[in-house]
Every structure is written in structure tokens, then in C-alpha cells.
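Take a look at the letters that make up each chain.
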Amino acid sequence: MAEREHVRVAVVGSGFGGLGAAVRLRREGVTDFVVLERADSVGGTWRDNSYPGCACDVPSHLYSFSFAPHPDWPRTFSGQEHIRAYLEHVTDVFRLRPHIRFDSEVKRMTWNGERLCWDIETSSGNLSADFVVSATGPLSDPKIPEIPGLETFPGKVFHSARWDHDYDLRGKRVAMVGTGASAIQIVPAVQPEVERLTLFQRTPPWIMPRMDRAISGVERSVHRALPFTAQLRRGLLWGIRELQVQAFTKHPNELGLVERLAKRNMGRSIKDPALRAKLTPDYRIGCKRILLSSEYYPALARPNVDVVASGLSEVRGSTVVAADGSEAEVDAIIFGTGFHVTDMPIADRVVGADGKTLAEAWKGGMEALRGASAAGFPNWMTIIGPNTGLGNSSMILMIESQLNYMADFVRQLGVLGGRVALDARPGAVDAWNRRVQERMKRTVWNTGGCTSWYLDASGRNTTIWPGTTAEFRRATRRVDLAEYAVVRPSVTEREETGESAEVTA
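The following refers to the structure shown. Quick caveat: nothing in here was measured; it's all calculated off a predicted structure. (Residues numbered from 1 in each chain as written. Predicted model: local features only at pLDDT ≥ 70, side-chain atom pairs only at ≥ 80, totals over all residues. Heavy atoms only, no water.)

### As for the sheet that holds strand β15 (residues 327-329)
Remark on secondary structure: sheet strands pair via backbone hydrogen bonds, oriented parallel or antiparallel. Quick note on the threshold: Strand pairing is assigned whenever DSSP detects at least two bridges linking the two strands. A run of DSSP states H or I qualifies as a helix once it reaches four residues; a run of E qualifies as a strand once it reaches two. Both are numbered from the N-terminal end. To obtain an axis, a line is fitted to C-alpha atoms, over the contacting stretch when the element is a helix, and the angle between two such axes runs from 0 to 180 degrees between their N-to-C directions.
Reading across from one edge, β13-β14-β15 is the order of the 3 strands in this open sheet, with antiparallel pairing throughout. With one partner strand each, in any of the chains shown, β13 (312-316) and β15 form the two edges of the open sheet. On average, adjacent strands in this sheet sit at an angle of 25° to one another, irrespective of strand direction. Across 4 bridges, the pairing between β13 and strand β14 (residues 319-322) is antiparallel. Bridging from a neighbouring strand, Glu314 pairs with Val321 of β14.

### Quick notes on empty space enclosed by the protein
The line we're drawing: Cavity means a closed set of points on a 1 Å grid over the protein atoms alone, one where a 1.4 Å probe fits but cannot get out, pocket means an open set with protein on both sides within 12 Å along at least 5 of 7 lines, and lining means a residue has an atom within 4 Å of a point. Grid points are joined across faces, edges and corners, and a volume is the space filled by probe spheres set on the points. Ten residue types, Ala, Val, Leu, Ile, Met, Phe, Trp, Tyr, Cys and Pro, are classed as nonpolar, four, Asp, Glu, Lys and Arg, as charged, and the remainder, Gly among them, as polar.
The tally for this structure, following the rule as stated, stands at 2 cavities of 30 Å³ or more. One number sums up the size of the largest cavity: a volume of about 40 Å³. Taken together, Val245, Gly389, Leu390, Gly391, Asn392, Trp445, Ile464, Trp465 and Gly467 form the lining of the largest cavity. Looking at the lining of the largest cavity residue by residue, the classes come out as 5 nonpolar, 4 polar and no charged. One number sums up the size of the second largest cavity: a volume of about 30 Å³. In terms of lining residues, the second largest cavity is bounded by Glu367, Ala368, Gly371, Pro386, Asn387, Trp432, Asn433 and Val436. A breakdown of the residues in the lining of the second largest cavity according to their chemical character gives 4 nonpolar, 3 polar and 1 charged.

### A short note on the packing of aromatic side chains
Each aromatic ring pair is described using two quantities: the centre-to-centre distance and the angle formed by the ring planes. Note the cut-off: Aromatic rings from Phe, Tyr and Trp, taking only the six-membered ring of Trp, are treated as a pair when their centres fall within 6.5 Å; an angle between ring planes under 30 degrees marks them as stacked, one over 60 as edge-to-face, and anything in between as tilted. A positively charged side chain is recorded as over a ring if its NZ (Lys) or CZ (Arg) lies within 6 Å of the ring centre. The angle to the ring normal must also be within 35 degrees.
One pass over the full model with this rule turns up 17 aromatic pairs. In this structure an aromatic cluster arises from ring pairing among Phe16, Trp46, Tyr63, Phe65, Phe67, Trp73, Tyr86 and Phe94. The ring of Tyr167 carries Lys172 above its face, with NZ or CZ at 5.2 Å from the centroid. Over the ring of Trp465 we find Arg439, and its NZ or CZ is 5.6 Å from the ring centre.

### Describing helix α4 (residues 183-190)
To be explicit about the condition: Classification of residues uses two cut-offs on accessible area relative to the type maximum, computed with a 1.4 Å probe and protein chains only: under 20% is buried, over 50% is exposed, and between them is partly exposed. Two residues qualify as a contact provided that any one of their heavy atoms is within 4.5 Å of a heavy atom in the partner residue.
Taking burial as the measure, the 8 residues of α4 include 7 buried ones, the bulk of the element. Taken residue by residue, α4 has Ala183, Ile184, Gln185, Ile186, Val187, Pro188 and Val190 as its buried positions. Looking at the packing, one finds that the buried side of α4 touches β8 (173-177), β9 (196-200), β10 (207-208), β11 (291-292) and α9 (296-300).

### Overview of the state of the cysteines
Short version of the rule: Counting rule for disulfides: a pair of cysteine sulfur atoms within 2.5 Å.
Tallying each qualifying case throughout the model produces 1 disulfide. Here Cys54 is not disulfide-linked; the sulfur of Cys56 is the nearest cysteine sulfur, at 8.8 Å.

### Side note on a negative patch on the surface
Here is the rule: Here the term patch refers to residues with relative accessible area over 30% and no salt bridge, with like charges joined within 9 Å and nonpolar side chains (Val, Leu, Ile, Met, Phe, Trp, Tyr) within 5 Å. Here the open area of atoms and residues is found with the Shrake-Rupley method and a 1.4 Å probe, where only the protein chains shown may cover a residue. Any carboxyl oxygen of Asp or Glu within 4 Å of a side-chain nitrogen of Lys or Arg constitutes a salt bridge here. When charges are counted, neither His nor the chain ends are considered; positive counts come from Lys and Arg and negative counts from Asp and Glu. For the purpose of locating charges, the reference atoms are NZ of Lys, CZ of Arg, CG of Asp and CD of Glu.
Residues Asp343, Asp348, Asp354 and Glu360 make up a contiguous surface patch of negative charge. With respect to the element layout, Asp348 can be found in the loop between β16 (332-335) and β17 (350-351). Given the relative accessible area of 47%, Asp348 is considered partly exposed.

### Topic: the nonpolar core
What counts here: Joining through side-chain atoms within 4.5 Å is the link that ties buried Ala, Val, Leu, Ile, Met, Phe, Trp, Tyr and Cys residues into a set, and such a set is a nonpolar core. By convention here, the domain bounds are inherited from an automatic or database domain assignment.
Counting 109 residues, the largest nonpolar core has Phe16, Val133 and Leu300 as its most contacted members. When residues of this core are assigned to their parent elements, the largest contribution, 11 residues, is made by helix α11 (residues 395-416). Lining this core are residues from two domains, each supplying at least three of them: domain 1 (6-42 + 96-141 + 341-487) and domain 2 (150-213 + 220-335). In terms of nonpolar packing, the next biggest core, distinct from the first, is built from 27 residues, Ala10, Trp118, Val132 and Met366 among them.

### So, the layout of surface pockets
For the second largest pocket, the calculated volume is near 730 Å³. Taken together, 29 residues form the lining of the second largest pocket, with Asp57, Phe77, Arg241, Gln244 and Leu292 sitting closest to its centre. Only α6 (227-249) and α7 (256-269) provide two or more residues apiece to the lining of the second largest pocket. Mapping the lining of the second largest pocket onto the domain boundaries places at least three of its residues in each of domain 1 (6-42 + 96-141 + 341-487) and domain 2 (150-213 + 220-335).

### Some points on the environment of Asn433
On the secondary structure map, Asn433 appears in helix α12 (residues 426-440). Residue Asn433 is classed as buried on the basis of its relative accessible area of 9%. Separated by 64 residues in the primary sequence, Asn433 and Leu369 place their C-alpha atoms 7.4 Å from one another. Not counting the four nearest positions on each side in its chain, Asn433 is found in contact with Met366, Glu367, Asn387 and Arg460.

### Focus on the pattern of salt bridges
The final tally for this structure, using the stated rule, is 29 salt bridges. Between Asp57 and Arg289 there is a salt bridge, and its shortest N-O distance comes to 3.0 Å. Of this pair, Asp57 sits in the loop between α2 (45-48) and α3 (80-93) while Arg289 is found in the loop between α8 (273-279) and β11, placing the two residues 232 residues apart along the sequence. Asp57 sits in the partly exposed class, given a relative accessible area of 21%. The partner of Asp168 in a salt bridge is Arg170, and the shortest N-O contact between them spans 2.8 Å. Since its relative accessible area comes to 56%, Arg170 is described here as exposed. Here the salt bridges share partners, and the residues they tie into one network are Arg24, Glu28, Asp408 and Arg411.

Have a look at this one:
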């Protein structure tokens, strides 16, 4: 039987997190690594989400790697196609393609306590790795709610993250389920071409104007000729958002002024008092992510749009029925209902040192040391792990902080030497999580009076980071070995190739 391929590091996913990890590994002198990607191209969520109107709600110059600035962003807020092209560019500039295994979905990752490595089963073959970096991301697996009768619907059904570009919406009666970040972009993009659009809204979002514009050729030329100007632009965008964090994390009551601005934004387009009442949230702004759009409200005011202030509860043939009993005949149902965030599917596929899956270990809620390491899962870390999400800034900042932590993890393994693994101590994970949850109590995400995808099934916020990106950068600058158990082969194994391993301080 052929010997299984072995690599030093296996990275799972080729979105921002996976590509960033690959670049950082090469900068650390690590070239014996692979990137396992289930699709046939890079891009992660920016490859999968190609629905009409798809764009980022973080300014372009902040939504890019600090080590790969892009002076030629065409707009202040980039569209999906521009971000995907940027990730393809990063892949080529940093020569990552030889490391990427496309069409290689990870089926299972199992910790091998004898060899102190991870045995990995993929759709394209099996391999093992000393260290695994999971960068599958929280916005990778769409969530479609269980709706009675949905399977009998005779028309077209798809999720916003799996858009069917072969299906022509022109002249169709369409149901849009959900009013999150994707839906508010889809609605104005498809409203002009459909016969009728019925929007099922469980909870109205707070929406601020999207101050988007084309970046002029002069600006781009200046950024190319004088790179520090692009750095300054990025720095200003970052600084403004850092100053905003206090209101979200410590003083939610100060957000009242922002609510008034959002209501004024709505009032400019929504003149009907009944519709305006439907669209006005009853929770503190910021409790759910504040959305940006200058086209959503005008689209809802058009005569071919109906807003149902209730969730979709049943499907009867081609009739969709809301929880309030209202009905509509439709030809297509589009779900903009989010992703598996607090119950990441990859967790079912990771088996740790005690034989339990990560999903089992996280049954009471996700938690990981510094958002990266879970107890009982040696030499395994996640990018965009528990409590690393942001409510008002760029996730790329958090990803780069976690890449710093990953790089030091690799260095520490090298310093320790030989066959060795680091396993987060349960006490360290608990202490970190207690501090995070204690800080979370005052935040708008916990006190704002809403139910959001930031919260898990038990109502605990396992998603958001309750501080500034600078604080997180300091917390993940280096690995503290006191927070980890050092695992080495036992004396018996070293001398007789036995089965057990020893854990040391």
C-alpha cells in the first residue's frame, strides 16, 4: 500500500483566511504546506456569493491585506467581482497556486495520537499534516430554514449564496425571504425586472446610506505613484472605526443619534406611514449589523413590491404563506437567510485527541483560546474562530492578527523541536472565554433587544469580539506557552514505537 502523503501544514479553505495563511507561511520560510479547497477556484465567500448587486459594506482600502495593497480599487465600496479578482491576483502574485488542491473537500480530520499529526480524508485523496489551519470561514455554508411544504413547491428555489444564474427572473413573481445584508442588495437589483416581489421580513434592519462612488483615475494614479497615500487612506478608515467601538461595547445608549439619522434616511424614500411602521426596528441600532444601502428603501416603495412583516411559515404548492396568514402566488423563492455561523459544519468533521468531534466539544457553545485553539485539538487552529467577528469594521484586520498568532505557533513548534504538539489547556480556554463573555455583557449585541445570528441556540454571543481590533492584535501577537500543554511521544514510543504520548508543562 502506498505511503500516505505528509505535509508540515494543511490549510483548509482559500478565501481571505486561507490565502492569507498561505502567504504568511511562505514568509515564515514554510513551503511544505497545502491549501485544501473544495471548489475549483479561490475566493471563498466572494466566489460563492455572486448574486445580483453583491458588494462589500466595508470600504475597499480597508477590505484588503495590509501586505498586498491595491491602489486600483474602482469604487469606494467594492463589488463582488472586484474582490474576487483581487483574491485571484493575490494568489498569483504570491505564487500560491502550486500549493492549492482544488476539488479537495475535507471529509474528516482525525488527530493521530501515535504519530502526533492529523490524518485528513479529502474528496481527492488522503494525507496527513503536523499542523492544521482551518480557514473555512463562518459564511461558507448557507442556511435554509425548514419550511413545511417547501419540497412540494413547483417553482425555483435557491439560496442567495448559491445563485442560479441560468434562471431568468424577468417577469416572474418572486418571494425574497430575509432582510439581511444579502437581501438588501438583491431587492433593488431584481425589483426592476420582476413582475412582483414579495419580501418576507421577520425583523427590519437598521439601514444607513451607502456613501459609494467611483474612485477617480487621478486618485488611483496618486495611490500608485505615492503608496503612502493609500496607507494613509486605510489608516483613516481604520481609525474612524476604532473610535466607534466604544459606543458598541460600552455605551450603547449613545447610539440614539445614529438611530435618528437612520430614520431620516428611511423617511426620504418611504412616504407611506404604514410601510414606514413596518420597516422601523424596535431594537437598539447596532444590535444587528448596521446595513448600508441607498437603493433598498426606494425599491421597497415601488408599486410591484409587497413587504410582509412576518416570516415565511408554509408553502402550499405555488402559494407562500406568512406567519401572519397572508399569502402570495410566486414562481420563485430566494432565501437570504444567512449561514451556519454558530454551528460551523466543519466542526462535525474534526475529531480530537479524546475521539470527540469539535461539534461535540462545542455542544454547549463555541469557545477557543484567543479565537484560535480549542482544548483537546492539538496543533489545530481556526481563522475567524469564536468571538473574532466584528460589528463595524473589516474582518481582514482580525484575520491578519490571527495570522500573527499562527506564525508564532509555527515558530514555537520549531523552537521546541522534534515531534511535538501544542494543546490548549482547558483552564486557559475557560479563562479567556470568561473574560470575553464578561466584557460582552455591556455591549449593544447583548443588550440591544434583538435576536441576531451573533447568538447561539442558548442565547450566548459566541461570534463577536467585544473590543477594538488593536486590542485583539495585542492579544494575538504571540503564543503564550503557559496556556498550552506540550505533547511529545512517550518514552515507550520513542524507544519501542509504542502508542501513547506524554503531556508536559
